[in-house]
Protein chains: 2
Amino acid sequence: MTASGHSPKRSAEKLADLTERLRRQSRKVTGPRQALLDLLRQQSHPLAIREIFAALPAGISDLATIYRSMHLLEQMRMVKRFDFGDGAARFELVPEGEDGHHHHLVCTRCSVVLEIEECFPEHVERSLAQTSGFQGITHRLEFFGLCPECQTTKSI
Amino acid sequence: MTASGHSPKRSAEKLADLTERLRRQSRKVTGPRQALLDLLRQQSHPLAIREIFAALPAGISDLATIYRSMHLLEQMRMVKRFDFGDGAARFELVPEGEDGHHHHLVCTRCSVVLEIEECFPEHVERSLAQTSGFQGITHRLEFFGLCPECQTTKSI
DNA sequence: TCCGATTTTGCAAACGATTTGCAATGAAAC
DNA sequence: GTTTCATTGCAAATCGTTTGCAAAATCGGA
């Protein structure tokens with residue numbers, strides 16, 4: 001488990017490598033995309049679109065462009081989508097060569113995020129495949145709770 | 001694991017008991033709520049709001065009312081909310097006395113739902129609590145894959 | 001280095017799920 | 001029955017996300 005508050009990304013990748021990945025798939029390396037990748041690269045926890053939009057210098061990009069970029073980067077497996085149940089998708093950069101599969105423990109009050117490396121359901125997927133006949137089984141799993149910090153500040 | 005397509009609910013509860021539960025918490029037993037509970041009781045898989053709305057006899061209820069009812073029933077722990085990642089919340093009746101905790105295996109194509117009784121992450125929550133200091137840890141876990149039926153019909 | 005073919009962008013409008021304000025209705029207690 | 005408070009229906013608002021479209025930007029080749 002890794003606190004991801006403001007620590008360096010567990011597998012930082014140089015921005016050059018990222019734009020190179022775009023080029024490799026013959027996608028254009030534009031200003032908005034560079035800014036987006038640069039931002040994601042320095043983050044260590046999943047970012048919501050609105051957070052990305054707010055974090056980017058004013059005028060650098062547009063909400064629709066960010067949404068479109070996230071779809072593209074998701075298809076290219078450069079980012080992974082997470083759902084913390086608040087209705088907003090969150091995205092995290094996937095280190096090249098890895099699948100970036102992991103889960104989170106999210107504070108239900110302050111939204112601080114811990115990264116959990118182990119994947120418990122993984123060994124279960126095979127057994128599910130056997131008993132259910134389903135193919136290509138994947139899963140979404142997130143944990144929620146009250147972080148130590150929030151336990152001490154009991155007021156709203 | 002239990003196929004929940006159209007089989008009887010694993011722990012069916014008489015409608016009388018349900019309305020009684022409402023009364024116990026001094027909530028009014030109104031027509032729309034009776035219809036809603038009645039509908040949920042005969043279902044064996046989570047229903048989306050729009051499905052509920054469509055299934056109820058025309059004019060019986062209104063979307064806003066259903067949304068409000070689901071919030072109320074969720075607070076009363078009479079229903080549990082599930083998220084299959086398609087942007088629509090789904091609700092399932094919780095048998096009285098149980099917490100209704102379980103997970104699903106959802107076909108990514110036809111949306112058929114299998115219910116999974118075992119809860120793998122449960123024993124992990126305690127260890128997470130130890131290492132993270134979080135309190136009241138819960139989790140959301142759903143599995144996705146292609147059901148046997150859909151594997152044979154390869155076309156879109 | 002300029003050009004044309006193709007992508008990508010910004011803006012605004014559209015969308016689907018959900019929430020809310022408010023006046024009318026309904027349920028339950030006196 | 002009347003009073004009181006919760007509940008409903010309807011319409012409008014909100015939020016996250018998607019889409020149409022014309023303008024701007026990128027890239028490979030002349």
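Residues numbered from 1 in each chain as written. Chains lettered and ligands numbered in written order. Predicted model: local features only at pLDDT ≥ 70, side-chain atom pairs only at ≥ 80, totals over all residues. Heavy atoms only, no water.

Participant: Would you mind going over the overall build of chain A with me for this structure?
Facilitator: Each helix and strand counted, chain A has six helices and seven strands in total. Helices and strands in chain A line up, N terminus first, as β-α-α-β-α-α-β-β-β-β-α-β-α. Sorting the 156 residues of chain A into buried and exposed places 44% on the buried side. Across chain A, the fraction of contacts at a sequence separation of at least 24, relative to all contacts at a separation of at least 6, is 55%. Accessible area for chain A stands at about 8400 Å²; split by element, carbon and sulfur atoms hold 51% of it. (Helix = DSSP H or I, 4+ residues; strand = E, 2+ residues; numbered from the N terminus. Buried < 20%, exposed > 50% of the residue type's maximum accessible area, 1.4 Å probe, protein only. Contact = heavy atoms within 4.5 Å. Areas by Shrake-Rupley, 256 points an atom, 1.4 Å probe, with all protein chains shown as cover.)

Participant: Even after reading the chapter, I still don't get the interface of chain B and chain A, so can you show me in this structure?
Facilitator: When the parts of a complex come together, some accessible area is lost, and that lost area is often used as the size of the interface. Taken together, the contacts link 35 residues of chain B with 35 residues of chain A. Interface of chain B and chain A: buried area, both sides summed, is about 2700 Å²; carbon and sulfur atoms make up 67% of it. The interface formed by chain B and chain A holds two salt bridges in total. For B:Arg140, the salt bridge goes to A:Asp83, with nearest N and O atoms at 3.8 Å. Between the two partners, chain B and chain A, sit eight residue pairs in polar contact (both at pLDDT 80 or more). Among the elements of the structure, β5 (103-107), β6 (113-116), α5 (122-132), β7 (135-146) and α6 (148-152) of chain B are those that each provide at least two residues to the side of chain B that touches chain A. (Buried area = accessible area lost by both parts, 1.4 Å probe. Salt bridge = Lys/Arg side-chain N within 4 Å of Asp/Glu carboxyl O. Polar contact = N/O pair within 3.5 Å; in protein donor to acceptor, adjacent residues only side chain to side chain.)

Participant: Quick question: what am I supposed to make of the relation of the copies chain B and chain A here?
Facilitator: Two chain copies here: they are related by a rotation about an axis and a translation along the same axis. Superposing chain B onto chain A requires a rotation of 179° together with a translation of 0.0 Å along the rotation axis, leaving an RMSD of 0.1 Å. The transformation relating the two chain copies, once decomposed into turn and shift, fits a two-fold axis. Ranked by how close their C-alpha atoms come to the rotation axis, the residues of chain B are headed by B:Leu141, at 2.1 Å. (Least-squares fit on C-alpha atoms with pLDDT ≥ 70 in both.)

Participant: Explain the protein's contact with DNA strand C here, please?
Facilitator: Taken together, 22 residues form the shell around DNA strand C, and within it A:Lys28, A:Thr30, B:Arg50, B:Tyr67 and B:His71 come nearest. Put simply, 67% of the atoms of DNA strand C that lie within 4 Å of the protein are in sugar or phosphate. One nitrogen or oxygen atom from the side chain of A:Thr30 is found 2.7 Å from a phosphate oxygen belonging to DNA strand C. A distance of 3.1 Å separates a base oxygen of DNA strand C from a polar atom in the side chain of A:Arg68. Counting only elements with at least two residues in the surface near DNA strand C, the list comes to α2 (31-42) and α4 (63-75) of chain A together with α3 (49-55) and α4 (63-75) of chain B. With four residues, the single largest contributor to the surface near DNA strand C is α4(B). Considered class by class, the residues forming the surface near DNA strand C number eight nonpolar, five polar and nine charged. (Near = heavy atom within 4 Å. Nonpolar A, V, L, I, M, F, W, Y, C, P; charged D, E, K, R; others polar.)

Participant: What should I look at first to understand the protein's contact with DNA strand D in this one?
Facilitator: What surrounds DNA strand D is a group of 24 residues, the closest being A:Lys28, A:Arg50, A:Tyr67, A:His71 and B:Thr30. Taking all atoms of DNA strand D within 4 Å of the protein, the share assigned to sugar and phosphate is 70%. One of the side-chain nitrogen or oxygen atoms of A:His71 is found 2.7 Å away from a phosphate oxygen of DNA strand D. For DNA strand D, a phosphate oxygen lies 2.8 Å from a polar atom in the side chain of B:Arg33. When contributions to the surface near DNA strand D are tallied by element, the ones reaching two or more residues are α3 (49-55) and α4 of chain A together with α2 (31-42) and α4 of chain B. For the surface near DNA strand D, the element with the most residues is α4(A), which contributes four residues.

Participant: Where do I start with a nonpolar patch on the surface in this structure?
Facilitator: All names here are of chain A. On the surface, a nonpolar cluster with roughly 280 Å² of combined accessible area is contributed by Phe53, Leu63 and Tyr67. When you line up the elements, phenylalanine 53 lands in helix α3. According to the relative accessible area criterion, phenylalanine 53 is partly exposed, its value standing at 37%. (Patch = residues over 30% accessible without salt bridge, like charges linked within 9 Å, V, L, I, M, F, W, Y side chains within 5 Å.)

Participant: What's the story with the sheet that holds strand β3 (residues 79-83) of chain B in this structure? I'm lost.
Facilitator: Two modes of strand pairing occur in sheets, parallel and antiparallel, and in both the strands are linked by backbone hydrogen bonds. Residue and element names in this part refer to chain B. In spatial order, the strands read β2-β4-β3; together these three strands make up an open sheet with antiparallel pairing. At either margin of the open sheet sits one strand with a lone partner, and together these are β2 (47-48) and β3. Together, β2, β3 and β4 (89-93) form the strand contacts of α2, whose direction differs from that of β4 by roughly 85°. Sitting on the sheet, α4 touches β3 and β4, and the angle it makes with β3 is about 110°. (Pairing = 2+ DSSP bridges. Axes fitted to C-alpha atoms, helices over the stretch in contact; angles between N-to-C directions.)

Participant: What should I look at first to understand the pairing of strand β5 (residues 103-107) of chain A in this one?
Facilitator: The side chains of a regular strand alternate, residue by residue, between the two faces of the sheet. Residues and elements named next belong to chain A. With five of five residues buried, β5 is to be regarded as a mostly interior element. By the bridge criterion, four bridges tie β5 to strand β6 (residues 113-116) in an arrangement that is antiparallel. Bridge pairing in β6 links histidine 103 to isoleucine 116. Relative to strand β7 (residues 135-146), β5 runs parallel, the two being bridged by three bridges.

Participant: Help me understand the nonpolar core in this model?
Facilitator: Within soluble globular proteins, side chains that are nonpolar tend to cluster in buried spots. Ranked by size, the top nonpolar core spans 26 residues in total, and within it A:Leu105, A:Phe134, A:Phe143, B:Leu105, B:Phe134 and B:Phe143 carry the most contacts. Elements with a minimum of two residues in this core: β5, β6, α5 (122-132) and β7 of chain A together with β5, β6, α5 and β7 of chain B. (Core = buried A, V, L, I, M, F, W, Y, C linked by side-chain atoms within 4.5 Å.)

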